[in-house]
Each structure stands twice: as C-alpha cells, then as structure tokens.
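# Notes for the structure review
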Amino acid sequence: MEKGIVIKSTGSWYTVKTTKGDIFNCKIRGTYRIKGIRATSPVAVGDRVEISGIEKDNTSVIEKIEERKNYMIRRASNLSKEYQLIASNIDQAWIIASLVSPKTFLEFIDRFLVTAQAYRIPAFIIFNKSDLYKKELLEELGGLIKLYGDIGYPSYSVSAKEGKGIDFLKQELKGKTTLISGNSGVGKSTLINAVHPEVKLRTGSISDYHKTGKHTTTFAEMVELDSNTFIIDTPGIKGFGVVDFDKGEVFHFFPEIFKVSGKCQFNNCLHTHEPGCAVKKAVEENEIASSRYESYLSILDLDEGRYRGGR
Ligand SMILES: Nc1nc2c(ncn2[C@@H]2O[C@H](COP(=O)(O)OP(=O)(O)OP(=O)(O)O)[C@@H](O)[C@H]2O)c(=O)[nH]1
Ligand SMILES: [Mg+2]
Ligand SMILES: [Zn+2]
C-alpha cells in the first residue's frame, strides 16, 4: 500500500499523486458511503487515499480513503437524492462570481456560503471581470462587497484578464488549499492562470460558451503552486443545491440571521410567519438584506423546486 492524494477526478478514474511524487491513474474498489449519503462519486479531489500495488498497465486501485477533515458537497441536481462531493480537505473556499456574462445569482452565492458555513469552511467571494463594469454595475458591486463583508465573508473585486487584484489574492492563497467554484464562464480557470501563469489551464471563450453551452473545465483538478499551496479548479456549476438540512437548522448558517434570532418571541421560530419574529422585523428595517432572507426562504422550500439546482 502507498499513500497519496487525489489530484484529479473524472468520476470514474482518479489521478493520485503518491507521497513519493509518482502519479497513477486509479479506479476504486467496492462501495463507499459518506455518513449515509449517496454520492455520485465517492472519491473527491483532495482525498488522502491508500492505493494498492501497480497493475501491468501502470494503473492502480484506491483501497482506502482516510477520514476527511471537511468537504464541500451539493445536490447533484434539484430534488436529487444524490450528492456530489466537490472537494475535500480544504482550508478555504472561494466562490468566483460575476455581475455580467454570465451573471451570478445572489441565491447561488448564498447557497454556496450556507454550505461552507455548515461544514465550517472559511469562504470568500471574488467578483471577477471588474474590467467590464460601468457606473451602475460598479455601484451594485460596491453594495455587494459591503453586504457580504459586513456579514463576515471577505469579498473582493478583481479582473483576471487585466491582472487587477491578483497579487493580493496570491497572498491569500499562500500555504493553503483553496477550492475555486462558481458558474461556468465566470473565469475560474483564467483566474488560476493569472495567479500562476505556469499552470496554463484550459479556458473557454465566452462566445463558445454561449454557442455550445459547453463547460471548458470538465474535471476537478488540484494545481500545486508550491509545496504547500494548492488550488482546486472545478467545472462550472449552474445551481447549488444544498444538502438536506433540518429546517430548524438552516438559519444557523446565515450569520446575520442567526445573530438576531435570539430576540424572536418563540425559541423555535423559523422566521417565516411567526409573531414577534425579530428576523422579519430586521428585514423590514433593512438591517438584513431582503436578498439574503429570500435565499433563506428558498432553502426552507427546497421541495418546491423554485430554485434549480442542476448542473
Ligand atoms: N473581460 C473579462 N473576461 C474574463 C475575465 N476572466 C475571464 N474572462 C473570460 O471569460 C471566459 C471564461 O473563462 P474561463 O476561465 O474559462 O471560465 P471558467 O469559470 O473556468 O469556466 P468553466 O471551466 O466552464 O467552469 C474566457 O473567455 C475568459 O477570457 C476578466 O477578468 N475579464
Ligand atoms: Mg474552467
Ligand atoms: Zn424569528
């Protein structure tokens, strides 16, 4: 047996880099379950694994997955009972967003943040493509950076294309394993290339993206920036279906809602219709952003499928 880390996943084949630095294509044997959850693929990039001897064709088999420090996970699609493990053993998760081509919905951002919060993963929001924003969008951007920054999520505006804000991001990456996630076309791979030009990940052109609807990055892949700095690039996703939380638990993952919930009249308040609800009052008084409150309600209403969690 040899120990290694999964650096790329296609869903059926996994690339494992061993502690010696050798790279093998591996399959898995048997079935794995994550705390009773059914996953589309039981192994994720970032997993520490043990692989068995090398087969004739230079492939190997993953025999054991070490316990994960944490992981990001989402529903494979809306209403699906299957989950997709996005990555594991990460120090922080960055959601890359854009206000244009394509526009990232706030609900998507909030669902990502809720999941990161639930699994205690520090999350950042990186608004990319700042070079494309004119007056009104710049104002909107400023508002969003303040909104999320005040809640406690560091939020930045960058342009991967023009290299703006990239040096600062480099500092934030140092010594950590960072997951990069977001819609297709927001510039995840371009951003990683800007941070580390030697990497040369494949990026798509927006026109290709609109014409074919194809995702440029199709596999999750871990990129080594230096011996203790790693970035995980992932394929773009359309929606972010959150796992099946207890209804009474969801507001714990909205820090600003949780903060005022202690003042609600009923201690089992779900903040939807109850009398004496301090959360609803705070929304009315604009102390809690209505976009955030709507995201909260949409997660409670998961079964009605208002939000599409598909790819
Ligand atoms: N104007 C502008 N375009 C950008 C910027 N960053 C990326 N792009 C363009 O956006 C398009 C998509 O970039 P990618 O890096 O492939 O996007 P991605 O998020 O990796 O997409 P998937 O791999 O499909 O998930 C490319 O045409 C990039 O050149 C930016 O800061 N400004
Ligand atoms: Mg990409
Ligand atoms: Zn309440």
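These remarks concern the structure in this document. (Residues numbered from 1 in each chain as written. Chains lettered and ligands numbered in written order. Predicted model: local features only at pLDDT ≥ 70, side-chain atom pairs only at ≥ 80, totals over all residues. Heavy atoms only, no water.)

## Let's talk about the packing of aromatic side chains
Geometrically, a pair of aromatic rings is defined through the distance of the ring centres and the angle of the planes. The final tally for this structure, using the stated rule, is 10 aromatic pairs. With centroids separated by 5.1 Å and ring planes inclined at 45°, the aromatic side chains of Tyr-71 and Tyr-119 adopt a geometry described as tilted. Highlighted residues: Tyr-71 in strand β6 (residues 71-75) and Tyr-119 in the loop between α1 (106-118) and β9 (123-127), separated in sequence by 48 residues. Relative to Phe-253, the ring of Phe-245 has its centre 4.9 Å away and its plane inclined at 55°; by these criteria the two rings are tilted. (Phe/Tyr/Trp six-rings, centres within 6.5 Å; stacked < 30°, edge-to-face > 60°. Helix = DSSP H or I, 4+ residues; strand = E, 2+ residues; numbered from the N terminus.)

## Comments concerning the nonpolar core
Within the largest apolar cluster, 71 residues are counted, with the highest numbers of intra-cluster contacts made by Ile-62 and Met-72. Ranked by residue count, the leading element in this core is α1, at seven residues. Setting aside chain neighbours within four positions, we find Met-72 in contact with Gln-84, Leu-85, Ile-86, Ala-87, Ile-90, Phe-112, Thr-115, Ala-116, Ile-121, Leu-179 and Phe-240. One finds Ile-126, Ile-166, Val-186 and Ile-192 within the second-largest nonpolar core, a separate group that totals 18 residues. (Core = buried A, V, L, I, M, F, W, Y, C linked by side-chain atoms within 4.5 Å. Buried < 20%, exposed > 50% of the residue type's maximum accessible area, 1.4 Å probe, protein only. Contact = heavy atoms within 4.5 Å.)

## Considerations on the coordination of the zinc ion (ligand 3)
On the protein side, the zinc ion (ligand 3) has Cys-264 (SG), Cys-269 (SG), His-271 (ND1) and Cys-277 (SG) as donor atoms, found 2.1 to 2.4 Å from it. All donors to the zinc ion (ligand 3) come from one chain, and their sequence spacing reads C-x4-C-x1-H-x5-C. Judged on exposure class, the residue Cys-269 and its partner His-271 are both buried. (Donors = N, O, S within 2.8 Å, 3.2 Å for Na, K, Ca; no water.)

## Considerations on unusual backbone geometry
The step from Ser-101 to Pro-102 runs through a cis peptide bond, and the omega angle for that step is -5°. Along the polypeptide, Pro-102 turns up in the loop between β8 (92-97) and α1. Phi is positive for Asn-89, close to 55°, though the residue is something other than glycine. Within the secondary structure, Asn-89 sits in the loop between β7 (83-88) and β8. The phi dihedral of His-271 is positive, around 65°, even though this residue is not glycine. Relative to the helices and strands, His-271 resides in the loop between α6 (255-261) and α7 (278-284).

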